[in-house]
Structure formats: C-alpha cells, structure tokens
Amino acid sequence: QVQLVESGGGLVQPGGSLRLSCAASGFTFSSYAMNWYRQAPGKERELVAVITSAGTSTNYADSVKGRFTISRDNAKNTVYLQMNSLKPEDTAVYYCNAVHQMFISINYWGQGTQVTVSS
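Here is what the cut-offs are and how they apply
- The written sequence of each chain sets the order in which its residues are numbered from 1.
- The model is predicted, so local features are restricted to residues of pLDDT at least 70 and side-chain atom pairs to those at 80 or more, both for listing and for counting; the totals for chains, interfaces and linings are taken over all residues.
- Derived side-chain values reflect all non-hydrogen atoms in the structure, with water molecules and hydrogen atoms excluded from consideration.
- Burial status follows relative accessibility: with a 1.4 Å probe on protein chains alone, a residue under 20% of its type maximum counts as buried, one over 50% as exposed, and anything between as partly exposed.
- Numbering of helices and strands starts at the N terminus; helices are DSSP runs of H or I of at least 4 residues and strands are runs of E of at least 2.
- In this description, strands pair whenever DSSP reports at least two bridges between them.
- We call a pair of cysteine sulfur atoms a disulfide whenever their separation is within 2.5 Å.
- Inter-axis angles, ranging from 0 to 180 degrees, are taken between N-to-C directions of lines fitted to C-alpha atoms, where helices are fitted over the stretch in contact.
- In the sections that follow, a salt bridge refers to a side-chain nitrogen of Lys or Arg positioned within 4 Å of a carboxyl oxygen of Asp or Glu.

J.: Sorry if this is basic, but what is going on with the pairing of strand 11 (residues 113–117) here?
T.: On a regular strand, each side chain points to the face opposite its neighbour's, so the side chains alternate between the two faces of the sheet. Residues T113, V115 and V117 point to one face of strand 11 and are all buried, whereas Q114 and T116, pointing to the other face, are not buried. Relative to strand 11, strand 2 (residues 10–12) runs parallel, the two being bridged by three bridges. Bridging from a neighbouring strand, L11 pairs with T116 of strand 11. Bridge count between strand 9 (residues 92–100) and strand 11: three bridges; the pairing is antiparallel.

J.: I would appreciate a short explanation of the state of the cysteines in the present structure.
T.: Defined simply, a disulfide is a covalent bond joining two cysteines at their sulfur atoms. Under the defined criterion, the tally for this structure stands at one disulfide. Disulfide pairing places C22 opposite C96 at an S-S distance of 1.9 Å. As the torsion about the S-S bond is roughly 45°, the C22-C96 disulfide counts as right-handed. With C22 in strand 3 (residues 18–25) and C96 in strand 9, this residue pair connects regions lying 74 residues apart in the sequence. Pair check on accessibility: C22 and C96 agree, each one buried.

J.: Sorry, what's going on with the sheet that holds strand 1 (residues 3–7) here?
T.: On the basis of which strands lie adjacent, the open sheet formed by four strands has the order 1-3-8-7 and antiparallel pairing. Since the sheet does not close on itself, it has two edges, and those belong to strand 1 and strand 7 (68–73), each with one partner. In this sheet, adjacent strand axes meet at a mean angle of 15° when their direction is disregarded. Here strand 7 pairs with strand 8 (residues 78–83) via six bridges, running antiparallel. Looking at strand 8, one finds that D73 is bridged to T78.

J.: Sorry if this is basic, but what is going on with the pattern of salt bridges here?
T.: Where side chains of opposite charge bring their charged atoms close, a pairing between them can arise. Across all of its chains, the model carries four salt bridges by this definition. One salt bridge connects D62 with K65, and the closest N-O pair in it is separated by 3.2 Å. For R67, the salt bridge goes to D90, with nearest N and O atoms at 2.7 Å. Separated by 23 residues along the polypeptide, R67 in the loop between strand 6 (58–60) and strand 7 and D90 in the loop between strand 8 and strand 9 bring together distant segments of the chain. Like D90, R67 is buried. Bridged by salt links that share partners, the residues R38, E46, R67 and D90 form one connected network.

As structure tokens, then:
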C-alpha cells in the first residue's frame, strides 16, 4: 500500500522556521523525484520545490528561493522541506508528491499538512 505521510506543520510567527517531513512507503522511493506543493485558500495548488530521485538536483519557485530547502534521505524514504524566514503568504496546506523518474504518469500524493504563519 502506497503511503506518503507529511508531518511538521503548525503555527509559526513571521520570520520563524519549520521543517516538514514526508515519509514514503509502499514503493521504491529512490526511483521517484519528489515535489512539495502548497495550496492556500482560494488559490490553485502551487509547485514549491523539486528534488531529483538521487537528490543531485533541486529547483524552487521564485517565491521561496533562498528561504526554503528541499532534501531527501533515500535510506529513510523521507523527503524534507526546511522553511526559513517564513512569511504570512507562505500560509497554506503543504503536500508532498512522488513522480516516477521515467513514467511521470505514475505519481502519488500525501494528505497534506497545514502551515500557518501569523503573529
């Protein structure tokens, strides 16, 4: 059974930090690129960060570049999103997404974790 389970969300003040985790099971994690998306109320889902299957390359949305860092540990089947200098506009539900490195139609989603940035 395929599972992606996000954790680490919560309420944080502007300027603060959070580290999201996404634990994967039920598939060959090291064969999948991993993405973090977010969706704010009333807005479309937005791609935030991408990491290749081996972790050798990353990419970020302009809105988070320099503040967020995506990483992965293939031995632990886990992908992370370190979020620093958080802003109120980062408030959203954050989702992890796995996409097969060769067959992009094979992809999985987590259930999401809420991040709220507010004073």
